[in-house]
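Residue-level structure breakdown
Take a look at the letters that make up each chain.
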Amino acid sequence: MYEIVICDDTESDLIQLKMSVEKSQYYDMASMNIHTFNSGLSYLEDMKENTDLLLIDMQMGLMSGFETALELRKKNQTAVICFCSAVVTPQTEHFEVSPYRYILKNEDKEKIARTVDDLLLEMKRRKQQKTIEVVSDGKAVMIPVNDILYIEKAKHGCSIILSKNSAIYSDDGKIISREKLSVLAEELKDEGFAIPHSSYLVNIKRITSISNDEIILEGEQRISVSRSCKENFHHEFSKFFSKKYRRG
């Protein structure tokens, strides 16, 4: 099931947003639950970890929409967030929680409907992605597999380097995890990942260039292909693309 949350302390706006979701061509009553809350606090106490889509008013008493979204991101990094407001415009700080869209409540209904359509499609896309769960800074973090560029061995675990357009909230584009590289390699072996070097696990889908001794990933990140890993790595690379085109 998809869990959709609408949070607004103005009852009429809450009802209007709910109706906009229910009228969307992508809304499916059989597979989507809609939950409504009139405050950020009541929402966080109830179901922050299970949210797939959050439409939230920016201006609410006690806790603003942005403050609520910050708390959500501590437990849930993949939920689609949409800020809603009659007056507040996007601020730089809002991007800390990776909002996907903004809705201005006084916009025409057709524009709001198109935005809601986009939100439901993105929610479905993220929900259908395979994720892995890792422990970072004592907290469980769910990471969409396709967001990973590569994973690097570290002293007490590993560093998971994310793609530039990742929906995961991270200040420096990486997640420090206590899981060992070998454990993640086993979990991701059927997801298009391969080992070019004993210290790295790379997402083959993110490779932009490859030679016998080196690969280049998105963002011009270069990783050497070690002599001991070369044969198996190139075999995995070829196998991945042969499967891809055979499916296509």
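Data block above holds the structure.
Position labels on residues start from 1 in each chain and follow its written sequence. Confidence filtering applies because this is a predicted model: local features only for residues at pLDDT of at least 70, side-chain atom pairs given and counted only at 80 or more, and all residues used for totals across whole chains, interfaces and linings. To obtain the side-chain values, all non-hydrogen atoms of the structure were included, while hydrogens and water were left out.

What to know about the packing of helix H2 (residues 40-47) against helix H3 (residues 65-75)
- Between H2 and H3, the least distance of the axes is 10 Å, while the angle of their chain directions is 15 degrees. By the criterion of interaxial angle, the relationship of H2 to H3 is roughly parallel. For the pair H2 and H3, the sense of crossing is right-handed. When H2 is examined against H3, the residues Gly40, Tyr43 and Leu44 are found in contact with a partner set consisting of Thr68, Glu71 and Leu72.
- Split by residue class, the contact of H2 with H3 holds three nonpolar, two polar and one charged. Lines fitted to the C-alpha atoms define the axes, with helices restricted to the stretch that makes contact. Angles between their N-to-C directions range from 0 to 180 degrees. Under the scheme used here, helices are H or I runs from DSSP no shorter than 4 residues and strands are E runs no shorter than 2 residues, and both carry numbers assigned from the N terminus. Put simply, angles under 35 degrees are roughly parallel, angles over 145 are roughly antiparallel, angles from 65 to 115 are roughly perpendicular, and the rest are oblique. Here a crossing is called left-handed whenever its near helix is offset anticlockwise from the far helix by less than a right angle, and right-handed whenever the offset is clockwise. Between two residues, a contact is recorded if the distance between any of their heavy atoms is within 4.5 Å. Charged means Asp, Glu, Lys or Arg here, nonpolar means Ala, Val, Leu, Ile, Met, Phe, Trp, Tyr, Cys or Pro, and polar covers whatever is left, Gly included.

Comments concerning the sheet that holds strand S13 (residues 207-210)
- An order of S13-S14-S15 is seen for the three strands of this open sheet, with the pairing classed as antiparallel. Pairing within the sheet leaves two strands with one partner each, and these edge strands are S13 and strand S15 (221-224). Between one strand and the next, the sheet's axes are offset by a mean angle of 25 degrees, whatever the strand orientation.
- Think of it this way: DSSP has to see at least two bridges between two strands before they count as a pair. Pairing of strand S14 (residues 214-217) with S15 involves four bridges; the strand directions are antiparallel. Residue pairing across strands places Ile216 opposite Arg222, the latter belonging to S15.

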